[in-house]
Amino acid sequence: AGLASSRVAKAQGAHTVCDRGSSHIRSQAQLLHEECQIWGMPLAERVDPRVIVREEAEYAQADKITVPSTFSLNSFLQNGVPANKLHLLPYGVDLSKFSPTGRPLDDEFNVLFVGGMCLRKGIPYLVQAYQALKHPRKTLTFAGSFSPALMNMLRQKGLWPEDARILGHVPQKELKHLMSTSHVMVLPSVEDGFGLVLSQAMACGCVVIGSENTGAPDIVENGTEGFIVPIRDSRALAERLQQLADDPALRLTMSDAALARVQMMGGWTQYGDAALALYHSLAAQKGDMQQADKQTGKQRGRP
């Protein structure tokens, strides 16, 4: 409904904002198309061309486009959208719902993924990295919706770790404990507008590893609160997992840094304040234009 409602609003003299939670639709479509080809799933996760046309019409019509990460912003620039039309508006995290509830056990190494199990989230690269990880008591846990088709494809390629735990949907009260007791939360997405689970995990004191195509570069200093890895690089991901497994002291230091960083970010309040500031600036511009129109009318003898 965004395109139609925006047209009505603009016809009534309003400014409009298009809030895009992911990368530019063409970048998203291209990345997903490439993943389908890489993993032999040609019909999976494709973007309908009609969606691309409609979204680009929304972008063109909007006065401003808000995006949650630098990765998302750069994708719009790469697709020819003017920089002055874009506004970076990173997401916050509800610190009243996500906080540490415990610590992971010292003699285990628990790797956690939170989100929908799909090609877009980089699941094949995570399972490859986990297979390469050396630890006597390692675990891999998936929390969120799962894809039988993706699991079957990975099994056929001999990649699926049979010891992986698939929990399905996990309520937030249980999720924060799961994050608190995991040694690392990994989001190796090929395309992800932000990845709110990153800041949620950090709020629980969990070290995070995120790909460059997420919001990780905006909230994580590589090597301080966690690690940032290139997309589609299971070797780099495995190296970072092994580093954390081999160096418990480093992981504890990063855990404390992750918690401190996300608390400094200010939760959703900072997001709301930044959004309101943008809306006020647009409203002020509208007022200035209306005042200019009135002045021009007076000069031309119009009432």
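Residues numbered from 1 in each chain as written. Predicted model: local features only at pLDDT ≥ 70, side-chain atom pairs only at ≥ 80, totals over all residues. Heavy atoms only, no water.

Novice: Hey, could you run me through helix H10 (residues 234-246) in this one?
Specialist: Taking 1.5 Å as the rise per residue, H10 with 13 residues should run 18 Å; its terminal C-alpha atoms sit 18 Å apart, in good agreement. Regarding H10, the residues found buried are Ala 236, Leu 237, Ala 238, Leu 241, Gln 242, Leu 244 and Ala 245. Next to the buried residues of H10 lie strand S4 (109-114), helix H5 (123-132), strand S7 (184-187), strand S8 (207-211), strand S9 (226-229) and helix H11 (248-264). (Helix = DSSP H or I, 4+ residues; strand = E, 2+ residues; numbered from the N terminus. Expected span 1.5 Å × (residues − 1). Buried < 20%, exposed > 50% of the residue type's maximum accessible area, 1.4 Å probe, protein only. Contact = heavy atoms within 4.5 Å.)

Novice: Can you help me understand the sheet that holds strand S3 (residues 86-88) in this one?
Specialist: The strands making up a sheet associate through hydrogen bonds between their backbones, and the pairing can be parallel or antiparallel. Taken together, 3 strands build an open sheet; the order of strands is S1-S2-S3 and the sheet is parallel. Strand pairing shows two members of the sheet lacking a second neighbour, strand S1 (17-19) and S3, which therefore form its edges. Put simply, the sheet's adjacent strands are angled 25° from each other on average, direction ignored. Strand direction decides the pairing type here: S1 and strand S2 (residues 64-67), joined by 3 bridges, are parallel. Note that in S2 the partner of Asp 19 across the bridge is Thr 66. The strands touched by helix H4 (residues 70-78) within the sheet are S2 and S3, with S3 carrying the most contacts at an inclination of about 170°. (Pairing = 2+ DSSP bridges. Axes fitted to C-alpha atoms, helices over the stretch in contact; angles between N-to-C directions.)

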